[in-house]
Amino acid sequence: MNILLIGSGGREHALAWKLKQSPLCNKLFIAPGNAGTALCGTNLPIGISDFEPLAAACKEHAIEMILVGPEEPLVNGIYDYFKNNPGLEKIKLIGPSKEAAQLEGSKAFAKSFMKKHGIPTAAYAEFSADNYMEGVNYIKAHALPIVLKADGLAAGKGVLICQNHLEAMSEFELMLHRAKFGEAGKKVVIEDFLKGIELSMFVLTDGEHYILLPEAKDYKRIGAGDTGLNTGGMGAVSPLPFVNNDFLEKVRKEIIEPTIAGLKKDKLDYKGFIFLGLMNDNGEPKVIEYNCRLGDPETEVVIPRIKNDLVEILMATSEKRLNEVKLEIDGRSAATVVAVSGGYPGDYQKGKEINGLEDTSIDDTMIFLAGTKNDGKKIVTNGGRVLAVTSFGANITEAAEQSNYMMEQLFFEDMYFRPDIGYEFKTVEQ
Ligand code: AMP
Ligand code: GLY
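All values derive from a computational prediction rather than experimental measurement.

Asker: Can you walk me through the overall build of the chain in this structure?
Answerer: If you tally the helices and strands in the chain, you get 12 helices and 23 strands. A compact globule built from 430 residues would reach a C-alpha radius of gyration of about 22 Å, and the chain, at 21 Å, matches this within 12%. Overall size of the chain, expressed as C-alpha extent along the three principal axes, is 60 × 55 × 45 Å. Counting every position in the chain, which comprises 430 residues, the buried fraction comes to 58%. Long-range contacts, defined as pairs at least 24 residues apart, comprise 69% of the intrachain contacts of the chain with a sequence gap of at least 6.

So, in structure tokens, the structure goes:
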């Protein structure tokens, strides 16, 4: 079948690379894609939320399946657009409905869903300009640190962890009275701070059944040792040594199964990935957030570890037969290291030529391109996160060392990467 993949990050290159390996995939199109996805299929210059041009491209190229990478088109209702348009409704679109995508699109929606269905998460309250003073009093009486979240999508910037009450009240005022995050901050969720180790887990559901993909840990800070500003993600590793059967069983029983039962009970149409941002507090899992998609850069370690045919799994999702799928996972460790443009996550330059991509055939290492584009015969930088190098190894340390080694062979002006991905899982050679 012909498949359309939506997005343009390293996640989408990893997905395109995997889709292309399937004998079920005939032609692969990516909108808008990047220089990496162009190696796996045909890029179409269409924006991720431009539904009409996307629909026209689907007709033109006889698309039978759409896989949506990023959250924006899902929150904007791409699923409903295709489902409710005669002639398009037969396309298998992998992703939740607009309403179900509110699990990511609105923190207040997600929190009330979890409360209603008894899913463990931090205690919270929600406020708007209408009950502003109640919010101030709530903050004053709250233990520290205290977490403030803009309700809507805020490009990963809408979460503030405040160490004192004054700071929290000032941020609260900025969000509700001075539109610090625009529309996204018109409602604010205030919640308890969760301690523990953060991890990402990925579920694929057909609305009835589910499969659990390998877990991963994302390194969000720009600097080595988890210092400096937050980014979209500087690297990831999988699997995680502390995720044992006991913990997995708790995640399944206390979080995943009630989530899927809750979606069904609330009549939320969901055939797609659910990304659980979890905190492991001494073996007890709690949900920090839901996302309605796969993570980036987590996908760059999770997808290579899956041995199954991805198109087959997505077809089973669309046809509500995920109970028939048996996942086969590569037992080795994977580590991905992300190279970014100097200055990121602040201002950075684009258009820098990337060198070294030609002779990069090291066994068990893959390069996934992100913010890149073709410029004649050259590949040049076109974003903050430029590329991710994923390697397999007997353990996380070996995998990360190999990715770092490969990174040393690549070059663009002002290139930067974190050399310490997976540092806390370091294994010392005996
Ligand atoms: P989010 O935008 O929801 O992914 O939140 C960004 C980051 O803030 C998360 O990845 C966590 O590291 C942190 N965070 C969010 N909520 C909490 C919480 N209740 N307790 C501790 N850390 C949190
Ligand atoms: N790496 C975190 C995310 O994709 O949201």
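The structure having been displayed, the exposition proceeds.
Asker: Would you mind showing me how to read helix H6 (residues 107-116) here?
Answerer: One turn of an α-helix holds 3.6 residues; hence residues three or four places apart share an orientation. Here H6 has its buried residues at Lys107, Ala108, Ala110, Lys111, Phe113 and Met114. Phi turns positive, to about 65°, at Gly118, one or two residues after H6.

Asker: I tried to follow the packing of helix H1 (residues 10-20) against helix H11 (residues 310-318) on my own but got confused; where do I start?
Answerer: For any two helices packed against each other, the geometry comes down to the angle between their axes and how far apart the axes lie. Between H1 and H11, the shortest axis-to-axis distance is 7 Å and the interhelical angle comes to 95°. As judged from the angle between their axes, H1 and H11 are roughly perpendicular. Side by side, H1 and H11 meet where Leu15, Lys18 and Leu19 of the first sit next to Leu310, Val311 and Leu314 of the second. Looking at side-chain class alone, the contact of H1 with H11 contains 5 nonpolar, no polar and 1 charged residues.

Asker: When you look at the sheet that holds strand S8 (residues 159-162) in this model, what are you seeing that I'm missing?
Answerer: Across a sheet, strands are paired by hydrogen bonds formed along the backbone, either parallel or antiparallel in direction. Taken together, the 4 strands give an open sheet; going across it, the order is S6-S9-S7-S8, and neighbouring strands pair in antiparallel fashion. Edge positions in the open sheet fall to strand S6 (124-128) and S8, since each of these has one partner strand only. The sheet shows a mean angle of 20° between the axes of neighbouring strands, direction not considered. Of the strand pairs in this sheet, strand S7 (residues 146-150) and S8 are connected by 4 bridges, and their pairing is antiparallel. Within S8, the position partnered with Lys149 by the bridge is Val159. The strands that helix H7 (residues 132-140) touches are S6, S7 and strand S9 (187-192); relative to S6, the one it contacts most, it runs at about 145°.

Asker: Teacher, can you tell me more about the site of ligand 1 here?
Answerer: Around ligand 1 there are 14 residues in total, and Glu191, Asp192, Leu194, Glu198 and Glu289 lie nearest to it. In this structure, Lys107 approaches ligand 1 through a side-chain N or O atom, which is 3.2 Å from an oxygen atom. Taking Glu289, its side chain carries an N or O atom lying 2.7 Å from an oxygen atom of ligand 1. Every element with two or more residues in the shell around ligand 1 is listed here: S7, S8, S9 and strand S17 (284-291). When its residues are assigned to classes, the shell around ligand 1 shows 7 nonpolar, no polar and 7 charged.

Asker: Can you help me understand the site of ligand 2 in this one?
Answerer: Taken together, Asp218, Gly232, Phe275, Arg293, Gly295, Asp296, Pro297 and Glu298 are the residues near ligand 2. One of the side-chain nitrogen or oxygen atoms of Arg293 is found 3.0 Å away from an oxygen atom of ligand 2. A distance of 2.9 Å separates a nitrogen atom of ligand 2 from a polar atom in the backbone of Asp296. Burial of ligand 2 by the protein amounts to 85% of the accessible area it has alone, namely 200 Å². When grouped by side-chain class, the residues that make up the shell around ligand 2 number 2 nonpolar, 2 polar and 4 charged.

Asker: It is not clear to me how helix H9 (residues 245-265) should be interpreted in this structure. Could you clarify?
Answerer: In this model H9 runs 28 Å from its N-terminal to its C-terminal C-alpha over 21 residues, within 8% of the 30 Å that 1.5 Å per residue would give. Every buried residue of H9 is listed here: Phe247, Val251, Ile255, Ile256, Pro258, Thr259, Ile260, Gly262 and Leu263. Two residues or fewer past H9, Lys267 is found with a positive phi of approximately 55°.

Asker: Any chance you could explain unusual backbone geometry here in plain terms?
Answerer: Apart from glycine, the bulk of residues carry a negative phi angle, and the bulk of peptide bonds sit in the trans form. Of note, the amide linkage connecting Ala31 to Pro32 takes the cis form, showing an omega dihedral of -10°. As for its placement among the helices and strands, Pro32 is situated in strand S2 (residues 28-32). One non-glycine residue, Lys267, adopts positive backbone phi at about 55°. The topology assignment puts Lys267 in the loop between H9 and strand S16 (270-281). Backbone geometry at Asn282 places phi at a positive 55°, although glycine is not the residue there. By secondary structure assignment, the location of Asn282 is in the loop between S16 and S17.

Asker: Just checking my understanding: could you explain the pairing of strand S21 (residues 378-381) for this structure?
Answerer: In summary, the side chains of a regular strand alternate between the two faces of the sheet. The sheet contact formed by strand S20 (residues 372-375) and S21 spans 4 bridges and is antiparallel. By the bridge assignment, Lys373 is partnered in S21 with Val380. Counted between consecutive antiparallel strands, the loop separating S20 from S21 contains 2 residues, among which Gly376 sits at a positive phi close to 65°.

Asker: Help me understand the side chain of Ser106 in this model?
Answerer: Tracing the chain through its elements places Ser106 in the loop between helix H5 (102-105) and H6. Look at Ser106 and you get buried, because its relative accessible area is 6%. Only 3.0 Å separates the side chain of Ser106 from the backbone nitrogen of Phe109, close enough to count as a polar contact.

Asker: Is there a simple way to think about the pattern of salt bridges in this case?
Answerer: Oppositely charged side chains may form a pair once their charged atoms are brought near each other. Scanning the entire structure with this criterion turns up 28 salt bridges. Taking the shortest distance from any N to any O, the salt bridge between Lys253 and Glu249 comes out at 3.4 Å. Of this pair, Lys253 and Glu249 both sit in helix H9, 4 residues apart, which is roughly one turn of the helix. Classification of Glu249 as partly exposed rests on a relative accessible area of 41%. A salt bridge links Arg418 to Asp420, with the nearest nitrogen and oxygen atoms 2.8 Å apart.

The rules behind the values
- Residues numbered from 1 in each chain as written.
- Chains lettered and ligands numbered in written order.
- Predicted model: local features only at pLDDT ≥ 70, side-chain atom pairs only at ≥ 80, totals over all residues.
- Heavy atoms only, no water.
- Helix = DSSP H or I, 4+ residues; strand = E, 2+ residues; numbered from the N terminus.
- Rg over C-alpha atoms; globule rule 2.2 N^0.38 Å.
- Buried < 20%, exposed > 50% of the residue type's maximum accessible area, 1.4 Å probe, protein only.
- Contact = heavy atoms within 4.5 Å.
- Axes fitted to C-alpha atoms, helices over the stretch in contact; angles between N-to-C directions.
- Parallel < 35°, antiparallel > 145°, perpendicular 65-115°, else oblique.
- Nonpolar A, V, L, I, M, F, W, Y, C, P; charged D, E, K, R; others polar.
- Pairing = 2+ DSSP bridges.
- Near = heavy atom within 4 Å.
- Polar contact = N/O pair within 3.5 Å; in protein donor to acceptor, adjacent residues only side chain to side chain.
- Areas by Shrake-Rupley, 256 points an atom, 1.4 Å probe, with all protein chains shown as cover.
- Expected span 1.5 Å × (residues − 1).
- Salt bridge = Lys/Arg side-chain N within 4 Å of Asp/Glu carboxyl O.

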